[in-house]
Amino acid sequence: MDGDTLPFWKTKTLDEMTPSEWESLCDGCARCCLIKLEDEDTGKIHLTRLTCSMLTVRTCRCSNYPERFDLMPDCINIDVAKVRELSWLPQTCGYRVVEEGRDLAWWHPLVSGTPETVHQAGISVRSFAMNEKRVKEENYVRYIIEDFEGE
Ligand code: SF4
Ligand code: SF4
């Protein structure tokens with residue numbers, strides 16, 4: 001196979017992708033929409049299984065994706081720099097996979113042809129997450145599932 005027949009994620013770096021290619025590389029797992037608690041003393045990041053209030057957990061979709069940065073100041077714009085610096089970005093994240101020179105897994109929508117496989121494979125947050133609106137803020141610590149150093 002030559003470069004013309006290979007899919008874009010095998011031939012381009014993250015920096016070279018068009019906006020639509022970039023968007024399609026997101027697998028829709030919504031793991032970056034999980035609430036993170038930062039310990040101001042240690043700098044550690046505690047990842048919870050609570051999601052941003054704007055996430056619809058059943059579909060793992062943002063309820064207002066086009067206006068998310070205006071409506072949710074904590075929403076993180078995942079760009080190339082963020083892919084390289086965020087320690088908590090999941091190993092399965094499509095951007096991280098390509099950045100690290102790995103190939104997309106069978107369940108990635110670009111490979112399977114359907115957004116359902118990210119849920120069927122248990123990669124999305126659908127099976128374990130809960131919207132933060134259902135929990136009092138002082139109880140968020142009860143929902144911590146993983147710790148990360150630094151950002
Ligand atoms: S973790 Fe990566 S692949 Fe998953 S929703 Fe966030 S940006 Fe998309
Ligand atoms: S605003 Fe939308 S995209 Fe941003 S973290 Fe919340 S649910 Fe996710």
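Scroll up to find the structure this text is about.
Residues numbered from 1 in each chain as written. Chains lettered and ligands numbered in written order. Predicted model: local features only at pLDDT ≥ 70, side-chain atom pairs only at ≥ 80, totals over all residues.

1. Things to note about the overall build of the chain
Note the cut-off: Every helix listed is a DSSP run of H or I at least four residues long, and every strand listed is a run of E at least two residues long, numbered separately from the N terminus. Each radius of gyration is computed over the set of C-alpha atoms, and the globule rule expresses the reference value as 2.2 Å times the number of residues to the power 0.38. Partly exposed residues are those whose C-beta has more than 12 but fewer than 20 other C-beta atoms within 10 Å; with 20 or more the residue is buried, with 12 or fewer it is exposed, and the C-beta atoms are placed from the backbone.
Check the secondary structure of the chain and you find seven helices and six strands. Element order for the chain, N to C, with α for helix and β for strand: α-α-β-β-β-β-α-α-α-α-α-β-β. Whereas a compact globule of 151 residues would reach a radius of gyration of roughly 15 Å, the chain reaches 16 Å, a difference of no more than 12%. Its C-alpha atoms give the chain principal-axis dimensions of roughly 55 × 30 × 30 Å. When the 151 residues of the chain are sorted by exposure, 20% land in the buried category.

2. A closer look at unusual backbone geometry
Despite not being glycine, Ala30 shows a phi value in the positive range, around 70°. With respect to the helices and strands, the residue Ala30 is situated in the loop between helix H2 (19–25) and strand E1 (34–38). In this structure, Cys60 takes a positive phi of about 60° despite not being glycine. Secondary-structure assignment places Cys60 in the loop between strand E3 (55–56) and strand E4 (61–62). For Cys60, a count of 22 C-beta atoms within 10 Å translates into the label buried.

3. Quick look at the site of ligand 2
Our working rule: Here, nearness means that the C-beta atom of a residue, built from backbone geometry, sits within 6 Å of the molecule or strand in question. Ten residue types, Ala, Val, Leu, Ile, Met, Phe, Trp, Tyr, Cys and Pro, are classed as nonpolar, four, Asp, Glu, Lys and Arg, as charged, and the remainder, Gly among them, as polar.
Within the structure, ligand 2 sits among Cys33, Cys52, Met54, Leu55, Cys62, Arg68, Met72 and Cys75. When the residues that make up the shell around ligand 2 are grouped by side-chain class, the tally is seven nonpolar, no polar and one charged.

4. What about the environment of Tyr140?
Selection criterion: The contact criterion used here is simple: two residues whose C-beta atoms, placed from the backbone, lie within 7 Å are in contact.
As for its placement among the helices and strands, Tyr140 is situated in the loop between strand E5 (130–131) and strand E6 (144–148). The exposure class of Tyr140 is partly exposed, given the 15 C-beta atoms found within 10 Å. For Tyr140 and Leu50, which are 90 residues apart along the polypeptide, the C-alpha to C-alpha distance reads 7.7 Å. In this structure, Tyr140 is in contact with Ile35, Leu37, Thr48, Leu50 and Val135, ignoring residues within four places of it in sequence.

5. Considerations on the site of ligand 1
Near ligand 1 you find 13 residues, and of these Cys26, Asp27, Cys29, Cys32 and Cys93 are the closest. By residue class, the composition of the shell around ligand 1 is nine nonpolar, two polar and two charged.

6. A short note on the nonpolar core
Note the following rule: The nonpolar core is taken to be a set of buried Ala, Val, Leu, Ile, Met, Phe, Trp, Tyr and Cys residues joined by way of C-beta atoms within 7 Å.
Cys29, Ala30, Cys33, Leu34, Cys52, Leu55 and Val125 are the most contacted members of the largest nonpolar core, which has 15 residues in total. Not counting residues up to four positions away in its chain, the partners in contact with Cys52 are Cys33, Ile35, Met72, Cys75 and Glu132.

7. Some details on the pairing of E1
What counts here: What makes two strands pair is DSSP finding at least two bridges between them.
Sheet analysis places E1 next to strand E2 (residues 45–51), joined by four bridges and oriented antiparallel. Bridge pairing in E2 links Leu37 to His46. Between E1 and E2, which pair antiparallel one after the other, the connecting turn spans six residues, and Gly43 there sits at a positive phi close to 80°.

8. Brief notes about the pairing of E2
Note: E2 against E6, four bridges, orientation antiparallel. Its bridge partner lying in E6, Ile45 is registered against Phe148. Across two bridges, E2 lies against E5 in parallel orientation. Bridging from a neighbouring strand, Leu50 pairs with Met130 of E5.

9. Concerning the environment of Leu71
Within the element layout of this structure, Leu71 appears in helix H3 (residues 68–71). In sequence terms Leu71 and Cys52 are 19 residues apart; their C-alpha atoms lie 11 Å from each other. Sequence-distant contacts of Leu71, defined by excluding residues within four places in its chain, comprise Met54 and Asn64.

Read these as spatial facts, not as claims about activity.
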